[in-house]
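Fold and geometry: a report
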Amino acid sequence: MTKIIFNIKSAVHAVFINLIIIGVSFGICPQIVLSAELTLDFTSYSYREVDQNNNFFMEDKSSPFLLNLGIRNWGDDKSISKTQGSNWVSLYTLEYSFGNIDYTSAGTGTMKKEYYKSRLEYYISTNSRLGNNDLKPYIGLGYRDLLDDSGFKRSSTNHIGYDRLSQYYYIPIGAIWYINDKLSLKSQYNYFLEGRQTSFLNEVLPNAYSVNPKNTQRLGWGIDVTLRSKLNDKWSTYGFLRNWDIADSDLTSCSPLIYCMEPKNQTHEIGAGISYNF
């Protein structure tokens with residue numbers, strides 16, 4: 001019964017977070033439907049942790065891909081024309097991802113599990129005319145969360161898994177280069193503000209862990225590069241590369257005798273997709 005309740009709680013959390021994100025996005029951008037670009041893509045995903053001696057600790061890999069659904073406005077002519085009275089324009093990216101994951105570790109074997117990931121980025125950019133070889137700089141705020149659904153699953157060595165919620169807060173800084181009428185390149189550096197990692201250990205091992213530890217990460221960075229090619233006025237294809245490099249978290253008490261830490265880690269994503277512009 002405990003397992004069923006916790007799985008329901010995890011699913012409700014994921015849905016609730018994404019409903020909030022969608023609601024905020026519609027509130028910020030009332031013209032979202034008129035200027036939206038709907039996206040569908042597949043991502044090859046990997047996440048790897050190492051210990052303090054840089055030895056392999058664990059790795060998660062997509063099996064085979066994560067499916068990503070999204071909506072975005074990166075400043076096409078239609079949306080800009082509606083804000084001619086201002087020198088600034090609001091842009092955004094909203095994405096939801098899910099898929100199967102293969103887990104491998106140095107000490108607890110292998111496991112099959114699932115990922116659920118959300119990403120919201122809101123940018124401010126200049127309201128300028130777009131043409132060949134033009135550059136559109138921007139800066140904004142970003143939030144990314146990932147629910148690692150491992151709770152109560154057993155590894156190949158019979159170790160029990162636990163759910164983990166990862167949250168990143170960051171400042172996206174970048175520019176969109178309009179190479180020609182068909183091709184554009186969005187290059188972005190993610191200035192890392194803070195990471196919060198919640199490990200739901202008490203849910204699965206209440207006798208060993210008195211709390212669900214929450215670790216804070218202070219140091220890290222990320223990059224995000226997307227190359228987009230227009231097929232016509234409505235359809236485009238795109239490919240992207242995203243990386244995160246995060247340092248060790250702080251230490252926090254998990255029980256009277258145990259302290260927990262999130263090791264330094266790297267995330268790599270590469271994918272391709274198609275989009276439709278209203």
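As the structure is a computational prediction, the values presented were derived from the model and not from experiment.

As for its position among the elements, Thr39 is in strand E1 (residues 37-50). In this view, Thr39 contacts Asn68, Leu69, Gly70, Ile71, Arg72, Tyr238, Ile274 and Ser275; residues no more than four positions away in its chain are not counted.

With that out of the way, let us pick up the pattern of salt bridges. In total, this model carries 19 salt bridges according to the counting rule given. The salt bridge partner of Arg242 is Glu95, with a shortest N-O separation of 3.4 Å. Placement of the pair is Arg242 in strand E11 (residues 235-246) and Glu95 in strand E4 (residues 88-105), with a sequence separation of 147 residues. Comparing Arg242 with Glu95 shows no difference in burial state: the two are buried.

The next subject is the nonpolar core. In terms of nonpolar packing, the biggest core is built from nine residues, these being Tyr45, Tyr47, Met58, Leu66, Ile101, Tyr103, Met111, Tyr115 and Leu146. At the level of secondary structure, the elements contributing two or more residues to this core comprise E1, E4 and strand E5 (110-126). Not counting residues up to four positions away in its chain, the partners in contact with Met111 are Ile101, Asp102, Tyr103, Ser150, Lys153, Arg154, Ser155, His159 and Gly161. Counting residues in each nonpolar core, the second largest holds seven residues, with Leu91, Tyr123, Ile176 and Tyr178 among its members.

The next subject is a nonpolar patch on the surface. A surface patch of nonpolar side chains, about 670 Å² in accessible area, is lined by Ile139, Leu141, Ile173, Tyr189, Tyr191, Leu193 and Trp221. Elements represented by at least two residues in the nonpolar patch include exactly strand E6 (134-149) and strand E8 (183-199). Considering the arrangement of structural elements, one finds Ile139 in strand E6.

The next thing to look at is the packing of aromatic side chains. Tallied over the entire structure, the rule returns eleven aromatic pairs. Relative to Trp244, the ring of Tyr170 has its centre 5.1 Å away and its plane inclined at 70 degrees; by these criteria the two rings are edge-to-face. Here the residue Tyr170 occupies a position in strand E7 (residues 164-178), and Trp244 occupies one in strand E11, the gap between them amounting to 74 residues. Every member of this aromatic cluster is reached through a ring pair, and the members are Tyr168, Tyr170, Phe192 and Trp244.

Attention now moves to the environment of Leu241. Structurally, the position occupied by Leu241 is in strand E11. Of the residues examined, Leu241 reaches a relative accessible area of 37% and is grouped as partly exposed. For Leu241, the contacting residues outside a window of four places in its chain are Ile223, Asp224, Val225, Glu269 and Ile270.

Considering all chains together, one arrives at one disulfide under this definition. Covalent S-S linkage joins Cys254 and Cys260, the inter-sulfur distance amounting to 1.6 Å. Classification of Cys260 by relative accessible area gives buried; the value is 14%.

Now for the confidence of the model for the protein chain. Of the residues in the protein chain, 82% have a pLDDT of 70 or more, and the chain-wide mean is 87. E11 holds the highest mean pLDDT among the elements of the protein chain, 98, whereas helix H3 (residues 77-81) holds the lowest, 48. Note on residues 1-5: pLDDT is under 50 here. Beyond four places in sequence and across chains, it has three contacts. In the model, residues 78-83 has pLDDT below 50 throughout and makes 13 contacts with residues more than four positions away in sequence or in other chains.

Definitions and limits used
- Residues numbered from 1 in each chain as written.
- Predicted model: local features only at pLDDT ≥ 70, side-chain atom pairs only at ≥ 80, totals over all residues.
- Heavy atoms only, no water.
- Helix = DSSP H or I, 4+ residues; strand = E, 2+ residues; numbered from the N terminus.
- Contact = heavy atoms within 4.5 Å.
- Salt bridge = Lys/Arg side-chain N within 4 Å of Asp/Glu carboxyl O.
- Buried < 20%, exposed > 50% of the residue type's maximum accessible area, 1.4 Å probe, protein only.
- Core = buried A, V, L, I, M, F, W, Y, C linked by side-chain atoms within 4.5 Å.
- Patch = residues over 30% accessible without salt bridge, like charges linked within 9 Å, V, L, I, M, F, W, Y side chains within 5 Å.
- Areas by Shrake-Rupley, 256 points an atom, 1.4 Å probe, with all protein chains shown as cover.
- Phe/Tyr/Trp six-rings, centres within 6.5 Å; stacked < 30°, edge-to-face > 60°.
- Disulfide = S-S within 2.5 Å.
- pLDDT = per-residue confidence, 0-100.

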